[in-house]
Amino acid sequence: MASTRNIDKIIPDLEGNLERDLNKLVKAVIADLSTEENSPVDTGFFASSWTASTQRPRPDQSRKEFAPWNNIKPSRNGTEAPGAVVEPRFLDTLSFNFKPFSKVFIGNRSEYAARALASPRSGVPQYVQGKLGKLVNQVFKEKSKLAIGTYGSGVKYESKNVRDLQGFGLFGGTDDVFVDYTNP
């Protein structure tokens, strides 16, 4: 199915795509940081406290005020405490309605965030310097979509060489839609 839109609509469409990709990136970064691979885990509260906002997240939340972390005794020796829980606290509550060209801050709300980040067990610096760049490139890569749709070959008669509507690439299925921008 092909739909045609006026070329004047291309800017809102591109801005919508950019907004969608930005929010996808923010969600992916929070999910990545909320893992034992990237965040040091004692009780799991630090790894579970990553969030995003248009203002800098304040590291003002105590582990002792939130279940189940308030019942987990920290090991304090650089190892994971028995019963540690890594469960992102903000991933499901954020609206992910960040706008392109606005500042988006990703930070940690645990009151000991600075100490945890400086921990030798912290993988956050390596994530920011390595994996994050690859993720940005993956999410924001140019998504060129080649769509070719034809009804036969322009021949008006029946022939076994003339086929019904066929798509190519991403639009190979009969239910796929591509937008053709034309100037009326």
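(A) Inspection of the overall build of the chain at higher detail. Across its full length, the chain carries three helices and four strands. Burial statistics for the chain: of 184 residues in total, 29% are counted as buried. Intrachain contacts of the chain at a sequence separation of at least 6 include 74% that bridge at least 24 residues.

(B) Inspection of the nonpolar core at higher detail. With 25 residues, the main nonpolar core has Val26, Ile30 and Phe96 as its most contacted residues. Listing elements by their share of this core, those giving two or more residues are α1 (10–33), β2 (50–53), α2 (113–118) and α3 (124–140). If you tally residues by element for this core, the top one is α1, at six residues. Once residues within four sequence positions are removed from consideration, Val26 is found in contact with Ala52, Phe96, Phe98, Val104 and Ile106.

(C) The arrangement of the packing of aromatic side chains in detail. According to the stated counting rule, one finds five aromatic pairs in the structure shown. A centroid spacing of 5.8 Å and a plane angle of 25° characterise the contact between Phe45 and Phe66, whose relative ring orientation is stacked. Remark: Phe66 occurs in the loop between β2 and β3 (105–108) and Phe45 occurs in the loop between α1 and β2; sequence separation between them is 21 residues. A centroid spacing of 6.5 Å and a plane angle of 80° characterise the contact between Phe96 and Phe98, whose relative ring orientation is edge-to-face. Comparing Phe96 with Phe98, the two get one shared label, buried. Chaining the aromatic ring pairs together yields one cluster made of Phe45, Phe66, Trp69 and Tyr112. Over the ring of Phe66 we find Arg89, and its NZ or CZ is 4.5 Å from the ring centre.

(D) Broad picture of α3. Considering bend angle alone, the principal kink of α3 is centred on Lys131 and spans about 40°. Listed as buried for α3 are Val124, Tyr127, Leu135 and Val139. For α3, the secondary structure elements touched by its buried residues are α1, β2 and α2.

(E) Inspection of the pattern of salt bridges at higher detail. Scanning the model with the defined rule gives four salt bridges in all. With a shortest N-O distance of 3.3 Å, Asp21 and Arg20 are connected by a salt bridge. Judged by its relative accessible area of 46%, Arg20 falls in the partly exposed class. Of the charged contacts in the structure, one is a salt bridge between Lys131 and Glu37, with a shortest N-O distance of 2.3 Å. In this pair, Lys131 is assigned in helix α3 and Glu37 in the loop between α1 and β2, connecting sequence segments 94 residues apart. Using a relative accessible area of 38% as the deciding quantity, one classes Lys131 as partly exposed.

Calculation criteria
Residues numbered from 1 in each chain as written. Predicted model: local features only at pLDDT ≥ 70, side-chain atom pairs only at ≥ 80, totals over all residues. Heavy atoms only, no water. Helix = DSSP H or I, 4+ residues; strand = E, 2+ residues; numbered from the N terminus. Buried < 20%, exposed > 50% of the residue type's maximum accessible area, 1.4 Å probe, protein only. Contact = heavy atoms within 4.5 Å. Core = buried A, V, L, I, M, F, W, Y, C linked by side-chain atoms within 4.5 Å. Phe/Tyr/Trp six-rings, centres within 6.5 Å; stacked < 30°, edge-to-face > 60°. Lys NZ or Arg CZ within 6 Å of the ring centre and 35° of its normal. Bend = angle between axes of the 7 residues up to and from the residue. Salt bridge = Lys/Arg side-chain N within 4 Å of Asp/Glu carboxyl O.

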